[in-house]
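# Per-entry structural report
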Amino acid sequence: MGDSEAVVADSSAMMDYTSAAYNSAGSGAYSSQATGDPTASGGYPNSAGQEGQSSAMYDAGNATTVENGNAFDNLGGASAAPEFVDGSAPTMSAEEERLWSILRANSLDFNAWTVLIEETEKVAENNILKIRKVYDAFLAEFPLCYGYWKKYADHEARIGSMDKVVEVYERAVQGVTYSVDIWVLYCAFAIETYGDPETIRRLFERGLAYVGTDYLSFPLWDKYIEYEYMHQEWSRLAAIYTRIFENPNQQLDRYFNSFKELAGSRPLSELRAAEEAAANVSGPVSEADGQVNEGEVHPDAAEQMQKPLTAGSTEAEELEKYVAIREELYKKAKELDSKIIGFETAIRRPYFHVRPLNVAELENWHNYLDFVEREGDFNKVVKLYERCLIACANYPEYWIRYVLCMEASGSMDLANNALVRATQVFVKRQPEIHLFAARFKEQNGDIEGAQAAYHLVHSEISPGLLEAIIKHANMECRLGKLEDAFSLYEQAIAIEKGKEHSQTLPMLYAQYSRFSYLVSGNAKKAREILTGALDHVQLSKPFLEALIHFETILPSPRQIDYLQSLVDKFISPNSDGSAADKEDLSSIFLEVIVFVKMQMTCLLTAFCGISTFGIECLVIKMYSA
């Protein structure tokens, strides 16, 4: 596995959090393995070697995890509020009761959540179990709200334990791995909490492996620079600047000026020591794969750094060469910056919010992704998608695009990972993503998974959705299960019959009739379905339009007279149809008559020798009102 592939595998492992990381039952699903080191593995996948463990966490289907459906499924059964682990019910204010009831009916009501959190914090005092419940439930629905992870961690620090604080931050960086802000918060916590510099540096490096090349990553780089400056680790500080220069960054000019000030204020021997040691011991290691460790530098820069200095060169000359190497990196980064600056400046909201994004910003993300895909750097493609899906998490089209891009790249692990996150966390209540998932799974041989996706739409997401019924029936037909396909239509029709004024029922009949004819060629059965439908549906423009167009694909003899009677009934002054609908339907029916006339003209001319003029007169006489 190449370096880039290794990092992608690492990324996949860390993102396999969907079920385990969003545990709405609080600490129950997490063995308390925080050891005082936020970079220790402790059951949280953060390296390629832990991918199997992470997958096992997901595949185990922990009974306390949040999957498709409601985040409240594991928070207290039918009660209006969650229960504690021991089964006891928390004492709640009337306002809490009211808000929990609202959220049980609609768990996507973001404003109700924020009010509930405020109310719970006000009345909970030091009841950490109660605070955990509300934060766990909220973050199961909105895991990208990094500020609430910080608030949660602060509560644990205040009345819980340091192990629990680490646990919350670990869940946070699994939930929003490519957020610069959450890594800044986590590193700030580590600086305040731990005395071991290596522990803190490992956490910085862990975060930078994911967000270090983000155009807006400067807050994390600033925090790292501040930390090393505080410890007067000049060689480490110089190495950090060198790494920054490898990629475009909003603050790249500021960093280059700061680096030149550093280079002019410290002896060259203090700046070069760690870099030379790393180059001599480990050899050059590319930072392009995103997996950066202390002392690692760009291959070109490392190669130049290993070149022996010119004999007799002065300190000033050596410093000039030292700065020149980094200036070359800086200039290359500025060249790339000029290509992406238009995309970057058009991103007005790089963070997650429930408010919709404007059309221009959504289009800009698509254009930016197009550009990066054309550049062909797979690791950059993955990172930009992950960054995009923080701001655009509520839009299925970006998840679908990501899945298809990873599939086209041969990275099925990442494709499946993105699909799981989309369908189980971020857009889990939008039928579009589940219909896509069903088709994707079918095409990749997971028939049971495809059927499960359809059943989820039928039973929970959007019962009676016509598109889902049609696509599911088509799949069963492709599998050679015609009776199952027919059964899907018949069951759906039976359900819709039980509803008053069903808007779906007329089109269900029309689609069932069309499907029946196309797959079996039985025109008689197809017409019987439509004839039977008239006993259960009111005449409407969509239904009659479907009937008219369907008649054009059936073999002769066509029931034009029968259609004429239905159209006349609909367009009569006593019908409920609007004037516009009546006019449109009349035009559509007239077009069908013309179509039939043309067919008859061709046939009679070919086989009967009747002149075209004579046929036209005959047809007009037959179909004139």
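Please read all numbers here as calculations on a predicted model, not as lab measurements.

### A closer look at the overall build of the chain
- Along its length, the chain carries 30 helices and zero strands.
- Expressed as a percentage of its 625 residues, the buried residues of the chain come to 49%.
- Look at the contacts in the chain between residues 6 or more apart in sequence, and 63% of them connect residues 24 or more apart.
- Only carbon and sulfur atoms are counted for the fraction: they give 52% of the accessible area of the chain, which is about 28,100 Å².

### So, the packing of helix H4 (residues 94-105) against helix H5 (residues 110-124)
- The geometry of H4 relative to H5 is characterised by a closest axis approach of 10 Å and an angle of 150° between their N-to-C directions. In terms of orientation, H4 lies roughly antiparallel with respect to H5. The two elements H4 and H5 cross, and the hand of that crossing is left-handed. The residues of H5 that touch H4, namely those facing Glu95, Glu96, Leu99, Trp100, Ile102 and Leu103, are Ala112, Trp113, Val115, Leu116, Glu119, Thr120 and Val123.
- Grouping the constituent residues of the contact of H4 with H5 by class yields nine nonpolar, one polar and three charged.

### Side note on the environment of Ile128
- Relative to the assigned elements, Ile128 resides in helix H6 (residues 128-141).
- Apart from residues lying up to four places away in sequence, Ile128 is in contact with His155, Glu156 and Ile159.

### Some remarks on the packing of aromatic side chains
- One pass over the full model with this rule turns up 38 aromatic pairs.
- The interplanar angle of 90° and the centroid separation of 6.2 Å between the aromatic rings of Phe189 and Tyr194 together place this pair among those described as edge-to-face. Comparing Phe189 with Tyr194, the two get one shared label, buried.
- Among the aromatic residues, ring-to-ring pairing joins Trp100, Phe110, Trp113, Phe138, Phe142, Tyr148 and Phe352 into one connected group.
- When the ring centre of Tyr255 is taken as origin, the NZ or CZ atom of Arg254, which lies over that ring, is 4.7 Å away.
- Between Arg326 and the ring centre of Tyr322, over which it is positioned, the NZ or CZ distance is 3.7 Å.

### Re unusual backbone geometry
- At Gln232, a residue that is not glycine, the phi angle is positive and equals roughly 55°.
- For Gln232, a relative accessible area of 53% gives the class exposed.
- Look at His501: it is not a glycine, yet its phi comes out positive at around 55°.
- You can see His501 is positioned in the loop between helix H24 (482-497) and helix H25 (505-520).
- Residue class for His501 comes out exposed when judged on its relative accessible area of 62%.

### A short note on the pattern of salt bridges
- Throughout the structure, instances matching the rule amount to 31 salt bridges.
- Note that Glu170 is salt-bridged to Arg206, the shortest N-O span being 2.7 Å. Remark: Arg206 occurs in helix H10 (residues 197-211) and Glu170 occurs in helix H8 (residues 162-175); sequence separation between them is 36 residues. Here Glu170 and Arg206 have matching classes, each one buried.

### Thoughts on H8
- Given a rise of 1.5 Å per residue, 14 residues ought to cover 20 Å, and the 20 Å separating the end C-alpha atoms of H8 matches this to within 8%.
- With 12 of its 14 residues buried, H8 lies for the most part within the structure.
- Listing the buried residues of H8 in full gives Lys164, Val165, Val166, Glu167, Val168, Tyr169, Glu170, Arg171, Ala172, Val173, Gln174 and Gly175.

### As for the environment of Tyr402
- With respect to the element layout, Tyr402 can be found in helix H19 (residues 396-408).
- Each C-alpha atom of the pair Tyr402 and Ala415 lies 7.1 Å from the other, and the pair is 13 residues apart in sequence.
- Setting aside chain neighbours within four positions, we find Tyr402 in contact with Val382, Tyr385, Glu386, Leu389, Ala418 and Arg421.

### Describing helix H16 (residues 315-345)
- Its 31 residues give H16 an end-to-end C-alpha distance of 41 Å, which sits within 8% of 45 Å, the value for a rise of 1.5 Å per residue.
- Helix geometry: H16 is bent most strongly at Lys339, by close to 50°.
- Listed in full, the buried residues belonging to H16 are Glu318, Tyr322, Val323, Ile325, Arg326, Leu329, Tyr330, Ala333, Asp337, Ile340, Phe343 and Glu344.

### Focus on the side chain of Ser411
- Among the structural elements, Ser411 can be located in the loop between H19 and helix H20 (412-426).
- In this view, Ser411 contacts Phe378 and Met406; residues no more than four positions away in its chain are not counted.

### Remarks on the packing of helix H11 (residues 218-230) against helix H12 (residues 234-244)
- Two elements in contact, H11 and H12, have axes separated by 8 Å at closest approach and are oriented at 160°. Considering their axes alone, H11 and H12 lie roughly antiparallel with respect to each other. The chirality of how H11 crosses H12 is left-handed. Across the interface between the two elements, Trp221, Tyr224, Ile225, Glu228 and Tyr229 of H11 pack against Trp234, Arg236, Leu237, Ile240, Tyr241, Arg243 and Ile244 of H12.
- Class assignment for the residues of the contact of H11 with H12 results in nine nonpolar, no polar and three charged.

### Things to note about the environment of Tyr146
- Tracing the sequence through the fold places Tyr146 in helix H7 (residues 146-159).
- For Tyr146 and Ala172, which are 26 residues apart along the polypeptide, the C-alpha to C-alpha distance reads 7.1 Å.
- Ignoring any residue separated from it by four or fewer positions in sequence, one finds Tyr146 in contact with Ser179, Asp181, Ile182 and Leu185.

### Description of the confidence of the model for the chain
- Mean pLDDT over the chain works out to 78, with 72% of the residues at or above the 70 mark.
- A low-confidence stretch, residues 280-299 (pLDDT under 50), is modelled with 45 contacts involving residues beyond four sequence positions or located in other chains.
- In this model, residues 301-309 is a region of pLDDT below 50 whose contacts with residues beyond four sequence positions or in other chains number 14 contacts.

Parameters at a glance
- Residues numbered from 1 in each chain as written.
- Predicted model: local features only at pLDDT ≥ 70, side-chain atom pairs only at ≥ 80, totals over all residues.
- Heavy atoms only, no water.
- Helix = DSSP H or I, 4+ residues; strand = E, 2+ residues; numbered from the N terminus.
- Buried < 20%, exposed > 50% of the residue type's maximum accessible area, 1.4 Å probe, protein only.
- Contact = heavy atoms within 4.5 Å.
- Areas by Shrake-Rupley, 256 points an atom, 1.4 Å probe, with all protein chains shown as cover.
- Axes fitted to C-alpha atoms, helices over the stretch in contact; angles between N-to-C directions.
- Parallel < 35°, antiparallel > 145°, perpendicular 65-115°, else oblique.
- Left-handed = near helix turned anticlockwise from the far one by under 90°.
- Nonpolar A, V, L, I, M, F, W, Y, C, P; charged D, E, K, R; others polar.
- Phe/Tyr/Trp six-rings, centres within 6.5 Å; stacked < 30°, edge-to-face > 60°.
- Lys NZ or Arg CZ within 6 Å of the ring centre and 35° of its normal.
- Salt bridge = Lys/Arg side-chain N within 4 Å of Asp/Glu carboxyl O.
- Expected span 1.5 Å × (residues − 1).
- Bend = angle between axes of the 7 residues up to and from the residue.
- pLDDT = per-residue confidence, 0-100.

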